[in-house]
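# Analysis of the macromolecular model
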Amino acid sequence: MPSAPTRPDPPFADHPLPLYQRLARTLRDDIAAGTHPVGTTLPTEIELCESHGVSRHTVREALRLLVDQGLIERRQGAGSRVIAAAPPVAYVHTIRSLTELFSYTQDTRFEVASVELAPLGEADAAAIRWPAETRWLRISGVRWTADRREMVCHVTVFAHARFAGLLSDVGRQDGPIHALIEARSGERVEEAVQEVSAAPMPPAAAKALGTRVGAPALRIVRRYLDASGGPMMVAVNWHPGDRFAYTIHLRRDDESA
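Only a predicted model underlies this, so the values are computations on that prediction, with no experimental measurement involved.

## Some thoughts on the overall build of the protein
- Along the backbone of the protein there are 7 helices and 10 strands.
- With 257 residues in all, the protein has 42% of them scored as buried.
- Intrachain contacts of the protein at a sequence separation of at least 6 include 61% that bridge at least 24 residues.
- Carbon and sulfur atoms make up 51% of the accessible area of the protein, which amounts to about 13,700 Å² in all.

## With respect to the pairing of strand 6 (residues 151–160)
- Among the 10 residues of strand 6, 10 are classified as buried, and the element is accordingly described as predominantly covered.
- In terms of strand pairing, strand 5 (residues 135–145) meets strand 6 through 9 bridges, oriented antiparallel. Bridge assignment links Ser 140 to a residue of strand 6, and that residue is Thr 156.
- Counting the residues between successive antiparallel strands, the hairpin from strand 5 to strand 6 contains 5 residues, one of them, Arg 148, with a positive phi of roughly 60°.

## Details of the nonpolar core
- Grouped together as the largest cluster of nonpolar side chains are 22 residues, with contacts concentrated most on Ile 139, Val 157, Leu 167, Ile 177 and Ile 181.
- Those elements that place two or more of their residues in this core are strand 5, strand 6, helix 6 (177–185), strand 8 (216–225) and strand 9 (231–240).
- At 5 residues, the largest contribution of residues to this core is made by strand 6.
- Those residues within four positions of Ile 177 in sequence are excluded, and the remaining contacts are Phe 110, Ile 139, Val 157, Leu 167, Val 170 and Met 233.

## Description of the packing of aromatic side chains
- One pass over the full model with this rule turns up 1 aromatic pair.
- Here the guanidinium or amino end of Arg 148 rests over the ring plane of Trp 144, the centre of that ring lying 4.2 Å away.

## What about helix 1 (residues 19–33)?
- Taking 1.5 Å of rise per residue, 15 residues should cover 21 Å, and helix 1 covers 21 Å from first to last C-alpha, within 8% of that figure.
- Every buried residue belonging to helix 1 is among Leu 19, Tyr 20, Gln 21, Leu 23, Ala 24, Leu 27 and Ile 31, and all of these are buried.
- Positive phi shows up at Gly 34, right after helix 1, with a value of about 90°.

## Regarding the environment of Ser 228
- With respect to the element layout, Ser 228 can be found in the loop between strand 8 and strand 9.
- Taking the C-alpha atoms as reference points, Ser 228 and Glu 190, 38 residues apart in sequence, are found 8.9 Å from one another.
- Among the polar contacts listed, one links the side chain of Ser 228 to the backbone nitrogen of Gly 230, at a separation of 3.5 Å.

## Topic: the packing of helix 2 (residues 45–52) against helix 3 (residues 56–68)
- In the contact formed by helix 2 and helix 3, the axes pass within 9 Å of each other and the chain directions differ by 110°. Relative to helix 3, the element helix 2 is oriented roughly perpendicular. Considering the relative orientation of helix 2 and helix 3, their crossing is right-handed. Of the residues in helix 3, those in contact with Glu 45, Ile 46, Leu 48 and Cys 49 of helix 2 are Arg 56, Val 59, Arg 60 and Leu 63.
- In the contact of helix 2 with helix 3, the residues fall into 5 nonpolar, no polar and 3 charged.

How each quantity is defined
Residues numbered from 1 in each chain as written. Predicted model: local features only at pLDDT ≥ 70, side-chain atom pairs only at ≥ 80, totals over all residues. Heavy atoms only, no water. Helix = DSSP H or I, 4+ residues; strand = E, 2+ residues; numbered from the N terminus. Buried < 20%, exposed > 50% of the residue type's maximum accessible area, 1.4 Å probe, protein only. Contact = heavy atoms within 4.5 Å. Areas by Shrake-Rupley, 256 points an atom, 1.4 Å probe, with all protein chains shown as cover. Pairing = 2+ DSSP bridges. Core = buried A, V, L, I, M, F, W, Y, C linked by side-chain atoms within 4.5 Å. Phe/Tyr/Trp six-rings, centres within 6.5 Å; stacked < 30°, edge-to-face > 60°. Lys NZ or Arg CZ within 6 Å of the ring centre and 35° of its normal. Expected span 1.5 Å × (residues − 1). Polar contact = N/O pair within 3.5 Å; in protein donor to acceptor, adjacent residues only side chain to side chain. Axes fitted to C-alpha atoms, helices over the stretch in contact; angles between N-to-C directions. Parallel < 35°, antiparallel > 145°, perpendicular 65-115°, else oblique. Left-handed = near helix turned anticlockwise from the far one by under 90°. Nonpolar A, V, L, I, M, F, W, Y, C, P; charged D, E, K, R; others polar.

The following block contains the structure:
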């Protein structure tokens, strides 16, 4: 059996997405276009390595994403079989690391609708875990899939007031807001804490997403913390319950029974 290429993956510093995510997107587009119809198998890992000039690790990570998105199934000795031409939901988010959490904001597009420096209300203060009436930069809008075919969620980003002067043009910038803050302030996000809960869709998010007020929704709050553990920014995301799936991979550690 021929061995997979051992050369390292080519650098992708000029690309916003990790190489395995770009490969997954290419394969997803091929499946949608009918290059790999439902019921057929994808090329082998070795063939994908050779045709795309990447490592076997990159291919496996890309195929893992396609499994998470419900597009393929993988069985030992049977290869990767295409089971759907499109994901069963509009957006599937997987997470294993801080890097994958950050990549979520790179694989989508945030369309800013409003920016204002304003005091926190009680509900927002509770989400941020910061005193009410303190002033934060509030950035609201809708996050779309990269191809702008589907709305992923309604987002409100709260950036600490010390960054307000650095984000005056945030509505005209591409890329993650946390990365913009890091680049312009010299401060670094050292940790991200994420909370997922079920809640009824609030009016502002329902209006932006074109859904019903009170409809089932997922509320995802992400707090981006600095070295001292203080919040640099907090993102409150509202996802319609029928358009979003969230996947977490858990591996058995050495101490597990």
